[in-house]
Each structure stands twice: as C-alpha cells, then as structure tokens.
Amino acid sequence: MRGPEILLLAALALTACDRQPEGKPVLRTEIGSGKALPVGGKASGAAASASPTPAAIPGDPCTRSEFEGVAITDCIADPAKHVILAALGQPPYRGYAKLKAAMGDEAAKVAFAVNAGMFDGEGKPIGYFVRNGDRRQELNRADGSGNFHMKPNGVFYGAKGKWHVRTSADFYSNVTDRPDFGTQSGPMLVIAGKLHPEFSEDGPSRNIRNGVGVDAQGRAHFAISEGPISFGSFARYFRDVAKTPDALYLDGNVSSLWDPVAKRMDARAPIGPMLVVERKD
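Residues numbered from 1 in each chain as written. Predicted model: local features only at pLDDT ≥ 70, side-chain atom pairs only at ≥ 80, totals over all residues. Heavy atoms only, no water.

Undergrad: Would you mind going over the side chain of Asn-115 with me for this structure?
TA: Within the secondary structure, Asn-115 sits in strand S7 (residues 110-115). On the accessibility criterion, Asn-115 (0% relative accessible area) is buried. Polar side-chain contacts of Asn-115 include one of 2.8 Å to the backbone nitrogen of Ser-256. If near-sequence neighbours (up to four positions away) are discounted, Asn-115 is found in contact with Tyr-96, Asn-210, Leu-250, Asp-251, Val-254, Ser-255, Ser-256, Ile-271, Pro-273 and Met-274. (Helix = DSSP H or I, 4+ residues; strand = E, 2+ residues; numbered from the N terminus. Buried < 20%, exposed > 50% of the residue type's maximum accessible area, 1.4 Å probe, protein only. Polar contact = N/O pair within 3.5 Å; in protein donor to acceptor, adjacent residues only side chain to side chain. Contact = heavy atoms within 4.5 Å.)

The structure is reproduced here in structure tokens:
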C-alpha cells in the first residue's frame, strides 16, 4: 500500500473514533423572537469536576458549566432572596408561554421556572403534588415500570420558607403537615450523600435530564443538562459539584427551563407540573 493511502486510512480511523453519540436537541425559544434554537451537548466524558463556560449574566440566578463532557445549567434558588411556587393550571398550561400569560403582571417577579415531576397524557401529575397548600394529587407509593417507579423515588417540597428533598418512604413516615408546595418524581439521584443504588457509573441510557437538590445552606439547585447525560454522571454533579446530600430526578427529554434574564424559554414538548422561583419583594 502506498504512503498517501496509508495516511488517508489513518485519518479516517481517527475521525470515526472521535464521533460522539448525539441526543435530540432542546428547542430554546428566544423570548419575543419566535425562533427555536438547538442546544447541543457532548456525550459524557471523564472530567472530574465542573469547568465554567460562558460568563454569568448579571442578575441571572442560572450559571452554566461543563461536567464530564456535558454542559449543565444550574439555577439556584436562595431562600433569602426567593420563594418557590408550584404551577399547573386547569387545564394544565403544558408550557411556559401559557403560564406567563396566566400570571399577568406577576410574571415580572419570575427569576426562573422549571418543569417538575412526571405526568400523564393530559399533563396532570402522576405523583404527589401540592400547590399553595392545596393537595392536588396524593403520594404515589405504587410499584411499576419506568423512571418514576425506580425506588426509591422522592418528593421535593417546601414548608415555612425551607426546602427539602426526601425519599417518598421517608416523606410518608415523617412529614405530617401539609407543605406549601410539593412534587413527587423519581428516581432519587442522591440519597444521604450516596448515589441511587440502581445507577451504574456511566450507563448507556443518556438523555437530557433535570433535577433538584438542596445544599447545606438551604439553597435549591435546579440543574438541567444541555445535552444527553447518564444517570450516574448527572447524580455525581449534584453530589460533587452542587454538593447536595439529597437530590431528585425531575424528568428526561422534556426537561426545560424558563430563564427570563437570559431570554430563554424552552419549548421542546408539552410539560406538566412546574415550579416557579420568584424574587421576593
């Protein structure tokens, strides 16, 4: 075989090795533009910690970094600065545009909003859901298939200005008073500082994912991956970077974010329950 042919084959081999699996892009809508922009991400790699990417926008509670080869946006709700409200609508809003319209002038207070918990075909929650102290759905303790039923699953809730993540079993046994808001989803990502026992280190299931955890300062970290990520890698982000001893998976490919400061309003697919983080007056 001649020299030029050897060089060509070597180049082709290197190109093939560098290819990364692709996930379906989130559709990001720039508010007021009507344009949908794809948000990509690399398959997870081997980096040990998060590396900052573009500089944060002043006043934006959301920051973006790269963790194990995937860009992750982490929006932090601080109890000293924010309140958290659950939102659904009757019928369900199914997206941030309708939520914003329903809020009217109150929408100016929104720091950010996320989809929060799994739902049926109509957008109604399939697990525990409380809005303004009104329980719309009871705690779901049933066994079944799918991510929601990957026990232990859990509940993210707030009461008396404090926010918590508990396994559903712990919530059932120990929480007796109705919280101000609450949503159930699953599986848990981190439980008392340890990853969910069913997770492999970096399994083959990779999707866009979002979740929530509460750190030692009482702040809630709402993280969303900007590309496909494994459960193991996503859970490690909460344990090692956000440093939340307990964290809950919220959803997969429909995961979305409304970040008004960044003029971001994801509209990938119809969603169900939402959590709205508002600035305090």
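Undergrad: I'm lost on the confidence of the model for the protein in this one. Help?
TA: Caution applies to low-pLDDT parts of the model: their predicted coordinates are not meant to be read in detail. Averaged over every residue, the pLDDT of the protein is 84; residues scoring 70 or more account for 80%. Note that residues 1-48 has pLDDT below 50 and, in this model, 75 contacts with residues that lie over four places away or in other chains. (pLDDT = per-residue confidence, 0-100.)

Undergrad: Please explain the packing of aromatic side chains as it appears in this structure.
TA: By convention here, two paired aromatic rings are described through the distance between centres and the angle between planes. For the structure shown, the criterion picks out eleven aromatic pairs. Judged by centre distance (5.6 Å) and plane angle (75°), the ring pair of Phe-67 and Tyr-237 falls under edge-to-face. With Phe-67 in strand S4 (residues 62-67) and Tyr-237 in helix H4 (residues 231-242), this pair connects stretches of sequence that are 170 residues apart. Under the relative-accessibility criterion, Phe-67 is labelled buried at 0%. With a centroid separation of 5.6 Å and an interplanar angle of 65°, the aromatic rings of Phe-112 and Phe-222 are classed as edge-to-face. Of the two residues, Phe-112 sits in strand S7 while Phe-222 sits in strand S16 (residues 220-225), which places them 110 residues apart along the sequence. The same class applies to Phe-112 and to Phe-222, which are both buried. (Phe/Tyr/Trp six-rings, centres within 6.5 Å; stacked < 30°, edge-to-face > 60°.)

Undergrad: Just to check I follow, could you spell out the state of the cysteines for this structure?
TA: In protein chemistry, a disulfide is the covalent bond that joins the sulfur atoms of two cysteines. According to the stated counting rule, one finds one disulfide in the structure shown. Here Cys-62 engages in a disulfide with Cys-75; their sulfurs sit 2.0 Å apart. Between Cys-62 and Cys-75, the disulfide has an S-S torsion of 110° and is therefore right-handed. On the criterion of sequence distance, the pair formed by Cys-62 in strand S4 and Cys-75 in strand S5 (residues 70-77) is long-range, its members being 13 residues apart. For Cys-62, a relative accessible area of 6% puts it in the buried group. When its relative accessible area of 0% is taken as the criterion, Cys-75 is described as buried. (Disulfide = S-S within 2.5 Å.)

Undergrad: When you look at the nonpolar core in this model, what are you seeing that I'm missing?
TA: In globular proteins that are soluble, nonpolar side chains generally tend to be buried together. Counting 26 residues, the largest nonpolar core has Ile-84, Phe-112, Phe-156, Ala-220, Phe-222 and Leu-275 as the members making the most contacts within it. Secondary-structure elements contributing two or more residues to this core are S5, strand S6 (82-87), S7, strand S11 (162-167), strand S15 (210-214), S16, strand S17 (247-251) and strand S20 (274-279). If you look at the next biggest cluster of nonpolar residues, it comprises 18 residues, including Val-70, Phe-148, Phe-199 and Ala-247. (Core = buried A, V, L, I, M, F, W, Y, C linked by side-chain atoms within 4.5 Å.)

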